Amino acid sequence: MCGIVGYIGDQQAYPILIRGLHRLEYRGYDSAGVSLISEKGDLNIYKAKGKVAALEESCKSQDLTGTIGIAHTRWATHGEPNQVNAHPHYSESRNLALVHNGIIENYKSLRTQLEEYGMTFASETDTEVLVQLIEYVKKDHNCDLFTAVQLALNYVVGAYAIAILEKDHPDQLVCARKGSPLVIGVSKKADGRTEFFLGSDATPIVEYTNQVVYLQDGEIAIMDRTGRLEIVDLKSTPQTPKMATLQLNLDQIEKGGFPHFMLKEIWEQPNALRNCIRGRINPANKDIILTGVLDHKERFLNCRRIIICACGTSWHSALIGKYFIEEACQIPVEVEYASEFRYRNPVILPDDIVIAVSQSGETADTLAAIELAKEKGAFLYGICNVIGSSIPRATDSGTYLHVGPEIGVASTKAFTGQVITLSMLGLAIAKVRKSLSDEMYHMLVEELYKIPDKMQWTLENNKDIDKFAERFTYCKNFLYLGRGYNYPVALEGALKLKEISYIHAEGYPAAEMKHGPIALVDAEMPVVVIAPKRGMYDKIVSNIQEIKSRGGKIISVVTEGDVTVKGMSDYTFTIPDTRDCYVPLLAVIPLQLLSYYVAVTKGCNVDQPRNLAKSVTVE
Ligand code: F6R
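Calculation criteria
- Residues numbered from 1 in each chain as written.
- Predicted model: local features only at pLDDT ≥ 70, side-chain atom pairs only at ≥ 80, totals over all residues.
- Heavy atoms only, no water.
- Helix = DSSP H or I, 4+ residues; strand = E, 2+ residues; numbered from the N terminus.
- Rg over C-alpha atoms; globule rule 2.2 N^0.38 Å.
- Areas by Shrake-Rupley, 256 points an atom, 1.4 Å probe, with all protein chains shown as cover.
- Buried < 20%, exposed > 50% of the residue type's maximum accessible area, 1.4 Å probe, protein only.
- Contact = heavy atoms within 4.5 Å.
- Near = heavy atom within 4 Å.
- Polar contact = N/O pair within 3.5 Å; in protein donor to acceptor, adjacent residues only side chain to side chain.
- Nonpolar A, V, L, I, M, F, W, Y, C, P; charged D, E, K, R; others polar.
- Phe/Tyr/Trp six-rings, centres within 6.5 Å; stacked < 30°, edge-to-face > 60°.
- Expected span 1.5 Å × (residues − 1).
- Domains from an automatic or database assignment.
- Salt bridge = Lys/Arg side-chain N within 4 Å of Asp/Glu carboxyl O.
- Pairing = 2+ DSSP bridges.
- Axes fitted to C-alpha atoms, helices over the stretch in contact; angles between N-to-C directions.
- 1 Å grid on protein atoms, 1.4 Å probe; cavity = no way out; pocket = protein on both sides within 12 Å on 5 of 7 lines; lining within 4 Å.
- Points joined across faces, edges and corners; volume = space filled by probe spheres on them.

## Let's talk about the overall build of the chain
Step number 1: When helices and strands are counted, the chain shows 20 helices and 27 strands.
Step number 2: Relative to the globule expectation of 25 Å for 619 residues, the C-alpha radius of gyration of the chain, 26 Å, shows essentially globular dimensions.
Step number 3: Considered along the principal axes of its C-alpha atoms, the chain spans approximately 75 × 55 × 50 Å.
Step number 4: As presented, the chain carries roughly 23400 Å² of accessible surface, and 49% of it is formed by carbon and sulfur atoms.

## Regarding the environment of Asp-10
Step number 1: If you trace the backbone, Asp-10 turns up in the loop between strand S1 (3-8) and helix H1 (13-24).
Step number 2: Residue Asp-10 is classed as partly exposed on the basis of its relative accessible area, which comes to 42%.
Step number 3: For the pair Asp-10 and Ile-68, spaced 58 residues apart in sequence, the C-alpha separation works out to 8.3 Å.
Step number 4: Those residues in contact with Asp-10 that sit more than four places away from it in its chain are Thr-67, Arg-193 and Glu-195.

## Observations regarding the site of the ligand
Step number 1: Neighbouring the ligand are 14 residues; Ser-314, Ser-358, Ser-360, Thr-363 and Glu-499 lie closest to it.
Step number 2: Taking Thr-363, its side chain carries an N or O atom lying 2.4 Å from an oxygen atom of the ligand.
Step number 3: Measuring from an oxygen atom of the ligand, one finds a side-chain N or O atom of Lys-496 at 2.9 Å.
Step number 4: Contact with the protein chains removes 89% of the 400 Å² of surface that the ligand exposes when unbound.
Step number 5: At the level of elements, helix H10 (312-329) and helix H17 (486-501) are the ones that each hand at least two residues to the shell around the ligand.
Step number 6: Of all the elements, H10 adds the most residues to the shell around the ligand, at three residues.
Step number 7: When the residues that make up the shell around the ligand are grouped by side-chain class, the tally is four nonpolar, eight polar and two charged.

## Here's the deal with the packing of aromatic side chains
Step number 1: Counting across every chain of the model gives 15 aromatic pairs.
Step number 2: Ring geometry for Trp-315 versus Tyr-337: centroids 4.1 Å apart, planes at 5 degrees, classification stacked. You can see Trp-315 sitting in helix H10 and its partner Tyr-337 sitting in strand S19 (residues 333-337), a full 22 residues away along the chain.
Step number 3: Arranged with centres 4.7 Å apart and planes meeting at 10 degrees, the rings of Phe-468 and Tyr-571 form a pair that is stacked. Of this pair, Phe-468 sits in helix H16 (residues 465-469) while Tyr-571 is found in strand S27 (residues 571-575), placing the two residues 103 residues apart along the sequence. Each member of the pair, Phe-468 as well as Tyr-571, is classed as buried.
Step number 4: Following the ring pairs from residue to residue traces out a cluster consisting of Phe-468, Phe-472, Phe-478, Tyr-480, Tyr-571 and Phe-573.

## Some details on H17
Step number 1: Taking 1.5 Å as the rise per residue, H17 with 16 residues should run 22 Å; its terminal C-alpha atoms sit 22 Å apart, in good agreement.
Step number 2: H17 sits mainly inside the fold: 14 of its 16 residues count as buried.
Step number 3: Of the residues trailing H17, Tyr-502 is marked for its positive phi of about 65 degrees.

## Remarks on the domain arrangement of the chain
Step number 1: Split into domains, the chain comes out as domain 1 (3-253), domain 2 (261-460) and domain 3 (465-602).
Step number 2: Inter-centroid distance (C-alpha atoms) of domain 1 to domain 2 is 34 Å.
Step number 3: Domain 1 puts 12 residues into the contact, and the matching count from domain 2 is 11 residues.
Step number 4: At the boundary of domain 1 and domain 2, one finds zero salt bridges.
Step number 5: At the junction of domain 1 and domain 2, the tally comes to two residue pairs in polar contact (both at pLDDT 80 or more).
Step number 6: Within the side of domain 1 that touches domain 2, the residues separate by chemical class into seven nonpolar, three polar and two charged.

## Some words on the sheet that holds strand S18 (residues 305-310)
Strands in a sheet are paired, the pairing made by backbone hydrogen bonds, and the direction either parallel or antiparallel.
Step number 1: Sheet architecture is open: five strands sit in the order S19-S18-S20-S21-S22, paired in parallel fashion. Looking at strand neighbours, the two that pair on one side only are S19 and strand S22 (397-400), the edges of this open sheet. Taken over all neighbouring pairs, the strand axes of this sheet differ in orientation by 20 degrees on average, direction set aside.
Step number 2: The sheet contact formed by S18 and S19 spans five bridges and is parallel. Bridging across to S19, Ile-307 finds its partner in Glu-334.

## Some thoughts on the sheet that holds strand S25 (residues 526-531)
Step number 1: With parallel pairing, the five strands of this open sheet are ordered in space as S24-S23-S25-S26-S27. Looking along the sheet, the strands with just one partner apiece sit at the ends: strand S24 (504-509) and S27. Each neighbouring strand pair of the sheet contributes to a mean axis angle of 15 degrees, computed without reference to strand direction.
Step number 2: Here three bridges tie strand S23 (residues 477-482) to S25, and the two strands are oriented parallel to one another. Across the sheet, Leu-479 pairs through a bridge with Val-527, a residue of S25.
Step number 3: Those strands touched by helix H18 (residues 537-548) are S23, S25 and strand S26 (553-559), and its axis lies near 170 degrees from that of S25.
Step number 4: Set on the sheet, helix H20 (residues 583-601) makes contact with S23, S25, S26 and S27; between it and S27 the angle comes to about 140 degrees.

## Describing the layout of surface pockets
Step number 1: Of the pockets and cavities examined, the largest pocket occupies roughly 780 Å³.
Step number 2: Leu-248, Asn-385, Val-386, Ile-387 and Pro-405 are the residues nearest the centre of the largest pocket, which is lined by 40 residues in total.
Step number 3: Every element with two or more residues in the lining of the largest pocket is listed here: strand S15 (243-245) and helix H7 (269-277).
Step number 4: The dominant element in the lining of the largest pocket, judged by the number of residues it contributes, is H7, at three residues.

## Focus on empty space enclosed by the protein
Step number 1: Overall, the coordinates contain three cavities of 30 Å³ or more when judged by the stated rule.
Step number 2: What lines the largest cavity is simply Cys-2, Arg-74, Trp-75, Ala-76, Thr-77, His-78, His-87, His-100, Gly-102, Thr-125, Asp-126 and Thr-127.
Step number 3: Along the lines of polarity and charge, the residues of the lining of the largest cavity split into three nonpolar, seven polar and two charged.
Step number 4: Estimates place the volume of the second largest cavity at around 50 Å³.
Step number 5: In this structure, the second largest cavity is lined by Val-213, Tyr-214, Gln-216, Glu-219, Ile-231, Thr-240, Pro-241 and Lys-242.
Step number 6: A class-by-class count of the residues in the lining of the second largest cavity yields four nonpolar, two polar and two charged.

In structure tokens form, the structure reads like this:
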């Protein structure tokens, strides 16, 4: 939600900032803006409604000089997405410019107070309150910007990552974070010069340096052209910057010849999952080693309940994880919408384990849910993709997905990465608790190891989805049905379709259809049924009959070699045979491709669907 970029050094800042904004556009694209201290010494702000390209267009005739600047791409929360509400925001004197990611919860009372002191506001945003507050405190205390930010943030309730420029001090850049991510890139040249880069994540930084400092919650930093990087906390206590080396390269964040990130990420899944299981599954002895579990063996041995908190697609993978862990470990597992969990007074027992599943590791609701669980004494385990993000830092243990950066707003490889990680987790816990026979354990590990190859087969054998996607672009509704492990796949298929093609879609457990949704079925209604030749095959065949007899169009996902369901279907996608518990990893692939091609055929922007953003850092 909102992307921040910043730069101070000896290069022209504008091109660096614009490139950075393009990389962060997945975080929001309601408006974009940039602020530069020009060679003449002016503090300029340029902004435009819409995407970064609109900003570039509108800036063409402006003074774009300057070797220090900040920039922002917005996902609107307070105030409609227009030019006035776009960031950066000036302070009243126009001596400060600020960009912000997050939500200031007490902005109304702060604004009222500042208005009482005579300050006037140009926008409806909570962000403008921040920059005005900092200016007020700076004048009131007659202090420098770094000190003013430290003092001002003590009055602020809410989440923020901010970066601030000061017209009279073009040699320094100040930033701070609490609840929203911020990374500082440090590039030291052989001749002693230092450049600093700022980003909401590392993607705007990676092409310049691999040396970064992840700013921690409640930290405020100042960078200047002499190479000074000073960090303090909200009590002004100095903190030592912890330098880390980025595990990211440029290829991973570019489209690599694909028309969209989403399609690239769908096709990356076999390799992404190979990376995910590498070093964790040993095919020779059919064993799983998850250090996150081994380091806390006693916890997993004594645990009597697992609660998984997540949102959206991650919630769907959590549901598959529940089925797997309950079956393999015989531990009760509850799956919670983090947004609901955090505002209840949930019962958390001392031997509970709370797992957070999140691609970004920054989702505000998931983070708040685990903070609540921590307060209540739970052991926290994180399953995240973004290394160094907030959730892994807040948890006691965990497993990274290692599927590489996911840039398309619709989650694909992170979903399958989460499912395979939850399966490995289930197997690792089962081993600790001896809840599976050795034979079953080794067989499940061996089959899991084969999944990336089976995914590759699935991709190669469903290439022609693009050819018939066109027939569905005019549909108003879709139903997705699955049973057991495939019910969450139905939910995920429906979510993928609606979020990128804007076609209404619902996922249901197939047997629930008779309790209401079947009333919707007519000749216009495509019904996608996940019908592998496994477990409840006969029951799903009956469900298909019921839909057919009401004239519905059947799109099925079947096991290679199946003729029965194929014969009953209008369209069929084929997947290789695998254990019930692993079918979701294969069955979701044709559903991802279907939603992708329907959306592309409809002319939708699949990588940046309307109203959405990749990383939901506000509640
Ligand atoms: C849908 C999608 C979202 C995310 C959700 C949680 O394609 O990507 O539903 O799954 O916003 O995000 P993370 O996993 O980053 O916590």
